[in-house]
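# Remarks on the overall topology
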Amino acid sequence: MYLPFRYSKNIEKQILWYFLAIIFCFKKYNYVLDVGCGYAQNMRFIRFNFYNGIDIDNKRILKNKAIFKSKKIKFYNHDIIKNKFIFKKDFDLILLIQVMTNSLFSKKEVTKALENLIQITKGTLIFNTSSKNKKDIKEIEYILRISNVKYKKIYYGVHGFIRKIKIPIISQFIAFICLILVIKNNRFFYKDKIIYICEIN
């Protein structure tokens, strides 16, 4: 298995996985909420006391429950767009990774999900956007500002030629080089892919 425990031939996704692995390796979180958790692959990145994963796909939730038996790991069939997550407040880490990039979401749904998550975050909220959210960016950042959320934007979009490279190991190596550039000088990257790191008190 390749580091950082998630692997993709898609270079931009691999940059994202690398970046998250670096962020999470320095801190242990108490309560984690993974929104759109899928098969809980993000859990591999994080050191935590309690992990909650939510997803609208009940088949995934049932499979996760069958695999993870720890009392510190819980899964729920829940739609964050409809209402807040009511089982626990004040998560010190909330992840919304590869969720807002879904083209099925309308602008109203994206902003509603963000508003709901801000209300239950007491720490760090991390989410990413793509070209599919291009028309939503101003609204997203407006919601963050009026909610007094401090945030940092990390661009990680690469040139179309580089995106076409989908060769195992080679694409991961290129993603690693890109990661170094992302950390050192973010202006070389396209703004169609953004990681938002938000701090909420």
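Presented here is an overview of the structure given in this document. Source: prediction; values computed, not measured.

## Brief notes about a positive patch on the surface
- A contiguous patch of positive charge on the surface is contributed by Lys-9, Lys-13, Lys-132 and Lys-166.
- Mapped onto the secondary structure, Lys-9 falls in the segment before helix 1 (11-24).

## Thoughts on helix 3 (residues 107-119)
- Between the first and last C-alpha of helix 3 there are 19 Å, a value that for 13 residues agrees with the 18 Å anticipated at 1.5 Å per step.
- For helix 3, the complete set of buried residues consists of Val-110, Thr-111, Ala-113, Leu-114, Asn-116, Leu-117 and Ile-118.
- Elements that come into contact with the buried residues of helix 3 comprise strand 1 (28-35), strand 4 (91-96), strand 5 (121-129) and helix 4 (137-146).

## With respect to the packing of aromatic side chains
- The tally for this structure, following the rule as stated, stands at nine aromatic pairs.
- With centroids separated by 6.4 Å and ring planes inclined at 35°, the aromatic side chains of Trp-17 and Phe-45 adopt a geometry described as tilted. Of this pair, Trp-17 sits in helix 1 while Phe-45 sits in the loop between strand 1 and strand 2 (47-55); the two residues are 28 residues apart in sequence, bridging distant segments of the chain. The exposure classification of Trp-17 matches that of Phe-45, with both residues buried.
- When the centroid spacing of 5.6 Å and the interplanar angle of 45° are considered together, the rings of Phe-48 and Tyr-51 count as tilted.
- You can call Phe-48 buried: its relative accessible area is 19%.
- Tyr-51 gets classed as buried once you look at its relative accessible area, which sits at 0%.
- One aromatic cluster is present, built from ring pairs that chain together Phe-48, Tyr-51, Phe-68 and Phe-75.

## Things to note about the pattern of salt bridges
- Tallied over the full model, the rule gives six salt bridges.
- The salt bridge partner of Lys-193 is Glu-12, with a shortest N-O separation of 2.6 Å. Residue Lys-193 is found in strand 7 (residues 190-199), and its partner Glu-12 is found in helix 1; the two are separated by 181 residues along the sequence. Accessibility assignment for this pair places Lys-193 and Glu-12 in one class, buried.
- With a closest N to O distance of 4.0 Å, Asp-55 and Arg-60 form a salt bridge.
- Looking at Asp-55, the relative accessible area reads 6%, which means it is buried.
- Residues participating in the shared-partner salt-bridge network are Glu-12, Arg-163, Asp-192 and Lys-193.

## Describing the environment of Glu-199
- Following the sequence through the fold, Glu-199 ends up in strand 7.
- Since its relative accessible area comes to 38%, Glu-199 is described here as partly exposed.
- Each C-alpha atom, one on Glu-199 and one on Gly-123, is 5.6 Å from the other, the two residues being 76 residues apart in sequence.
- One polar contact links Glu-199 to Thr-124, side chain to side chain, over a distance of 3.0 Å.

Here is what the cut-offs are and how they apply
Residues numbered from 1 in each chain as written. Predicted model: local features only at pLDDT ≥ 70, side-chain atom pairs only at ≥ 80, totals over all residues. Heavy atoms only, no water. Patch = residues over 30% accessible without salt bridge, like charges linked within 9 Å, V, L, I, M, F, W, Y side chains within 5 Å. Areas by Shrake-Rupley, 256 points an atom, 1.4 Å probe, with all protein chains shown as cover. Salt bridge = Lys/Arg side-chain N within 4 Å of Asp/Glu carboxyl O. Lys, Arg positive; Asp, Glu negative; His and termini not counted. Charge placed at Lys NZ, Arg CZ, Asp CG, Glu CD. Helix = DSSP H or I, 4+ residues; strand = E, 2+ residues; numbered from the N terminus. Expected span 1.5 Å × (residues − 1). Buried < 20%, exposed > 50% of the residue type's maximum accessible area, 1.4 Å probe, protein only. Contact = heavy atoms within 4.5 Å. Phe/Tyr/Trp six-rings, centres within 6.5 Å; stacked < 30°, edge-to-face > 60°. Polar contact = N/O pair within 3.5 Å; in protein donor to acceptor, adjacent residues only side chain to side chain.

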